[in-house]
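Overview (structure and organization)
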Amino acid sequence: ERTVTSQAGETVKVVPDMAVIVYGVNTEDRDAMTCQQMNGERVAQVLEYLKGQGIKENSIATSDFSMDPMYDWSGNQRILTGYEMRTQVTVSDVPLEQAGALISQAVKAGANEILSVNYLSSKYDEAYQEALDSAVRQAKAKAETMAHAEGYQVVEVVSMEEYGDTQQGRYV
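If you're wondering where the values come from, they're calculated on a predicted model, not measured in any experiment.

1. Re helix α1 (residues 32–52)
- Between its terminal C-alpha atoms α1 stretches 30 Å, which fits the 30 Å expected from 21 residues at 1.5 Å a residue.
- Residues of α1 that are buried: Cys35, Asn39, Val43, Val46, Tyr49 and Leu50. The arc that holds every buried residue of α1, seen down its axis, measures 115°, which confines them to one face. Relative to its buried face, α1 has exposed residues pointing more than 90 degrees away, namely Met33, Glu48 and Gly52.

This is the structure:
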């Protein structure tokens, strides 16, 4: 049996229609409990603002938090000066036309960091299928061209594999 192997790839570009925003709320205080309480209050304000803007509760998640001691390193010894607490809030499924206002207004509500904004497409699955279909057609055309160049004809597809779809950002 003679076989011909070919590869093809395709990219389909789509216009983003939604965003994922990651906010940070940082607080500092000399006392750990006070630091945590202040952070919780500010996070609650941010959450209240987001819900008030129509963001569904299942689109809002606390994605990270930490509390670390802060030290004065001047001199021969370290001296505890206070604590820093950081909470990250991730908001997904944000309509693109609402993203700008949510970014600036959440800062007024208590967020003091915008850690990332990712623009996504809700049409990912459709675009992916379109790209896959086009890649398969390209691979088939390449195989037929190579076979015909040697005087043969492609009779059937024996094997087909997909590589490279890491789906790292499902809707990116």
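2. Quick word on the environment of Asp17
- Counting through the fold element by element, Asp17 comes out in the segment before β1 (18–29).
- Sequence separation of Asp17 and Leu120 is 103 residues, and the distance between their C-alpha atoms is 6.3 Å.
- With sequence-adjacent residues up to four places away left out, Asp17 is seen in contact with Val94, Pro95, Leu96, Leu120, Ser121 and Ser122.
- Separated by 2.6 Å, the side chains of Asp17 and Ser122 make a polar contact.

3. Points about the confidence of the model for the protein chain
- Per-residue confidence for the protein chain gives a mean pLDDT of 90, with 95% of residues at or over 70.
- Within the protein chain, helix α3 (residues 124–149) has the poorest average pLDDT of any element, 90, and α1 the best, 97.

4. Thoughts on the environment of Glu28
- With respect to the element layout, Glu28 can be found in strand β1.
- Under the relative-accessibility criterion, Glu28 is labelled partly exposed at 47%.
- Sequence-wise, Glu28 and Met67 are 39 residues apart; in three dimensions their C-alpha atoms are separated by 9.4 Å.
- Those residues in contact with Glu28 that lie beyond four places of it in its chain are Cys35, Met38, Met70, Tyr83 and Glu84.

Reading guide: rules and limits
Residues numbered from 1 in each chain as written. Predicted model: local features only at pLDDT ≥ 70, side-chain atom pairs only at ≥ 80, totals over all residues. Heavy atoms only, no water. Helix = DSSP H or I, 4+ residues; strand = E, 2+ residues; numbered from the N terminus. Expected span 1.5 Å × (residues − 1). Buried < 20%, exposed > 50% of the residue type's maximum accessible area, 1.4 Å probe, protein only. Arc of directions from axis to C-beta. Contact = heavy atoms within 4.5 Å. Polar contact = N/O pair within 3.5 Å; in protein donor to acceptor, adjacent residues only side chain to side chain. pLDDT = per-residue confidence, 0-100.

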